Amino acid sequence: MVDSTSSRAEAIADHGEAMRSFMAHAVLFQDAVARSAGLNGTDLQALGLLLSEGPATPGELAARTGLTAGGAITTMLDRLERGGFVTRSRDAADRRRVLVSAVPEAVFAEVGPVYGAVASRWNDYLDTLSEEQIRFATEFLERAAAFNRDETDRLRREPRERS
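A. Looking closely at the nonpolar core. By size, the foremost hydrophobic cluster in this structure holds 23 residues, and its most contacted members are Leu39, Leu47, Leu50, Leu61, Met76, Leu80 and Phe85. Breaking this core down by element, the ones donating at least two residues are helix H1 (4-36), helix H2 (41-53), helix H3 (58-65), helix H4 (71-82), strand S2 (98-102) and helix H5 (104-126). Setting aside anything within four residues of it in sequence, one finds Leu47 in contact with Leu39, Leu80, Phe85, Val86, Ala102 and Val107.

This is how it looks when you write it as structure tokens:
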């Protein structure tokens, strides 16, 4: 008879190793995608956040990405604007505010083919799963993203002391 406690512990350990591998390869993949488009990783993540969360002021985008408001965010926005990936415009509700918006067509023209190839592979895999499995996987990814977002926010608020 299999000891269910050790079997569960082994399954959890296997899951932890799979998660570590996934996280490492996701970061490396995003870096490779960014480089293929002539961007750096932070540029690509900023574009992704603008696409998914909508336009932002430079300060809001700095907070979303973890960049410092001021020089670092301005340099990134100048680079992205020169590349045609973002536009800056005055906020219609408050003309003093500048809003940064992604230019989806430019972003998708550069990275769409790469993401399309991965999406095709994922869709082939999803075709092998039941609707229940897909819904579980979706919930799992949503929770993982929320945990990562929460921990990122915590780490930015409470930097680790080094001895």
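B. Region of the structure containing the layout of surface pockets. Reported here for the largest pocket is a volume of approximately 2200 Å³. Lining the largest pocket are 47 residues; nearest its centre among them are Phe22, Ala26, Gln30, Ala145 and Asn148. Taken together, the residues of the lining of the largest pocket break down into 27 nonpolar, 14 polar and six charged.

C. Layout of the environment of Ala11. Note on placement: Ala11 falls in helix H1. A relative accessible area of 46% means that Ala11 is categorised as partly exposed. Separated by 130 residues in sequence, Ala11 and Leu141 place their C-alpha atoms 18 Å apart.

Reading the values: the criteria
- Residues numbered from 1 in each chain as written.
- Predicted model: local features only at pLDDT ≥ 70, side-chain atom pairs only at ≥ 80, totals over all residues.
- Heavy atoms only, no water.
- Core = buried A, V, L, I, M, F, W, Y, C linked by side-chain atoms within 4.5 Å.
- Buried < 20%, exposed > 50% of the residue type's maximum accessible area, 1.4 Å probe, protein only.
- Helix = DSSP H or I, 4+ residues; strand = E, 2+ residues; numbered from the N terminus.
- Contact = heavy atoms within 4.5 Å.
- 1 Å grid on protein atoms, 1.4 Å probe; cavity = no way out; pocket = protein on both sides within 12 Å on 5 of 7 lines; lining within 4 Å.
- Points joined across faces, edges and corners; volume = space filled by probe spheres on them.
- Nonpolar A, V, L, I, M, F, W, Y, C, P; charged D, E, K, R; others polar.

Geometric values such as these leave the question of function open.
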